[in-house]
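# Observations on the three-dimensional arrangement
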Amino acid sequence: MSPPRRPGADTLWLAGWLSLVPVAGAAATPPSAVEGRVADRVVAIIEGQVLTLSELRFEARVALVQRGGMQALDLPLDEDTLRGALELVINQRVQVLNADRLQAFPAEPSDVQARVAAFQAAVGGAAALKQFLVRHDVDARGLEQVLSRGLRAERILDSRIRLRAQVGETEVRRHFEQHADEYAEGYEAARTRIREKLVRERYGALAAEELAQVRASAQVRRVAPFAREASR
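Let me sum up the structure you'll find in this document. Computed from a predicted structure; not experimentally measured.

Per the secondary structure count, the protein includes nine helices and three strands. Secondary structure elements of the protein occur, N-terminal to C-terminal, as α-β-β-α-α-α-α-α-α-α-β-α. The buried share of the protein, taken over its 232 residues, is 46%. Partitioning the intrachain contacts of the protein with sequence separation of at least 6 by distance along the chain shows that 77% fall at a separation of at least 24. By element, 50% of the accessible surface of the protein is carried by carbon and sulfur atoms, the whole surface being about 11800 Å².

Rendered as structure tokens:
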């Protein structure tokens with residue numbers, strides 16, 4: 001059985017690398033009209049590509065909205081959130097750059113547009129999306145690039161670990177026998193739920209291992225103080 005492949009937010013929990021904390025706990029001070037224009041600076045250099053603070057903030061908000069964190073549209077992001085988002089951004093960019101070298105895993109325009117449409121619906125429609133983009137000084141093409149990179153990174157990761165994440169009937173039965181008190185409905189009724197649970201767990205562990213291997217050979221320089229803390 002293949003692991004769940006919901007668009008957008010899956011990589012956040014599958015990989016185990018993104019530790020985004022709830023933004024609701026941040027101080028409720030409205031962000032600036034164009035957040036990226038204020039004291040923009042280099043956060044990291046990933047395989048020779050510069051990542052700025054404004055880019056990281058924007059991509060963090062996109063990721064949070066995709067996983068249902070609508071408060072990310074308005075509240076400021078603290079450094080813990082940015083550190084978690086940085087790990088996601090590094091993972092995505094390294095995977096996609098490696099795929100680009102092999103001319104592999106292109107994102108179909110129709111798939112990217114589907115993600116744009118889903119994101120627009122999540123933020124509340126066309127007007128809300130326009131306001132979001134203006135606030136961060138990003139055009140529609142910039143959003144498409146972020147969503148396309150996320151889509152490609154998910155597919156690259158999935159192609160490498162999906163088959164290995166499969167769970168056999170013996171493993172499902174063993175888990176049930178070891179935790180029978182948690183499944184009062186009996187084996188047959190709980191079978192599908194157990195299999196999905198085991199697949200998610202194995203997929204997450206394999207994803208973390210795969211990303212660790214990809215990152216081991218990547219050239220990443222963390223520049224901002226909070227970015228350097230993420231690697232400790």
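Counted under the stated rule, the structure contains four aromatic pairs. A ring pair is formed by F176 and Y183, whose centres lie 6.1 Å apart and whose planes are at 35°; its orientation type is tilted. Each member of the pair, F176 as well as Y183, carries the same accessibility label: buried. With a centroid separation of 5.3 Å and 65° between ring planes, the pair formed by F176 and Y187 is classed as edge-to-face. Residue F176 is found in helix α7 (residues 169-178), and its partner Y187 is found in helix α8 (residues 187-216); the two are separated by eleven residues along the sequence. Note on F176: relative accessible area 13%, which makes it buried.

So, about the pattern of salt bridges. All told, the structure shown has 20 salt bridges when counted by the stated rule. Across the pair R191 and E188 runs a salt bridge, and its minimum N-O distance is 3.5 Å. Residue R191 and its partner E188 are both found in helix α8; the two are separated by three residues, about one turn of the helix. Overall, R191 belongs to the partly exposed group, its relative accessible area being 31%. By relative accessible area, E188 is classed as exposed at 56%. Among the ionic contacts, a cluster of salt bridges with common partners joins E169, E188, R191 and R195.

This part covers the packing of helix α2 (residues 53-66) against helix α3 (residues 79-102). Following both chains from N to C, one finds α2 and α3 inclined at 90°, their axes separated by 9 Å at the closest point. Taken together, the axes of α2 and α3 are roughly perpendicular relative to one another. Counting all contacts with α2, which are made through L53, L56, R57, E59, A60, A63 and L64, the residues of α3 involved are T81, L82, A85, L86, L88, V89 and R93.

So, about the nonpolar core. In terms of nonpolar packing, the biggest core is built from 21 residues, with V43, I46, L56, L82, L86 and F226 touching the most fellow members. Elements that contribute at least two residues to this core include exactly β1 (42-46), α2, α3 and α9 (225-229). Within the second largest apolar cluster, 15 residues are counted, among which are V62, L73, V112 and V123.

Let's shift gears to the pairing of β1. Where β1 meets strand β2 (residues 49-52), four bridges bridge the pair, whose relative direction is antiparallel. Looking across to β2, one finds that V42 is bridged to T52. Once β1 ends, the chain turns through two residues before running back antiparallel as β2, passing E47 with a positive phi of about 50°. Bridging between β1 and strand β3 (residues 220-222) involves three bridges; their strand directions are antiparallel. Paired with I46 across the bridge in β3 is V220.

Position of R115 relative to the elements: it lies in helix α4 (residues 109-123). Judged by its relative accessible area of 10%, R115 falls in the buried class.

Another aspect to go through is the sheet that holds β2. Taken in spatial order, the three strands make up an open sheet running β2-β1-β3, and their pairing is antiparallel. The open sheet terminates on both sides in strands that have one partner only, identified here as β2 and β3. Pairs of neighbouring strands in the sheet enclose a mean axial angle of 20°, with direction left out of account. Strand contacts of α2: β1 and β2, with the helix running at about 70° to β2, the strand carrying the most contacts.

Procedures and definitions
Residue indices begin from 1 for each chain and proceed along its sequence in written order. pLDDT decides what is reported in this predicted model: residues at 70 or higher carry local features, side-chain atom pairs at 80 or more are listed and counted, and totals for whole chains, interfaces and linings draw on all residues regardless. Side-chain measures were taken over the full set of non-hydrogen atoms in the model, leaving aside hydrogen atoms and water. Helix and strand definitions here come from DSSP, where helices need a minimum of 4 consecutive H or I residues and strands a minimum of 2 consecutive E residues; each element is numbered from the N-terminal end. Buried means the residue's accessible area, taken with a 1.4 Å probe over protein chains only, is under 20% of the maximum for its type, while exposed means over 50%, and partly exposed covers the values in between. In this analysis, two residues are considered to be in contact whenever any of their non-hydrogen atoms come within 4.5 Å of each other. For accessible areas, the Shrake-Rupley method is used with a probe of radius 1.4 Å. Any residue's cover is judged against the shown protein chains and nothing else. Only Phe, Tyr and Trp rings take part, Trp by its six-membered ring, and two of them pair if their centres are within 6.5 Å. Stacked means planes under 30 degrees apart, edge-to-face means over 60, and tilted covers everything else. Here, a salt bridge means any Lys or Arg side-chain nitrogen found within 4 Å of an Asp or Glu carboxyl oxygen. Only the stretch in contact is used when a helix axis is fitted, and all axes are lines through C-alpha atoms; the angle between N-to-C directions ranges over 0 to 180 degrees. Note on angle classes: values under 35 degrees are labelled roughly parallel, values over 145 roughly antiparallel, values of 65 to 115 roughly perpendicular, and the remainder oblique. Nonpolar cores are built from buried Ala, Val, Leu, Ile, Met, Phe, Trp, Tyr and Cys residues. Side-chain atoms within 4.5 Å join them into one set. A strand pair is defined by DSSP finding two or more bridges across the two strands.

Functional significance is not addressed by these values, which are geometric in nature.
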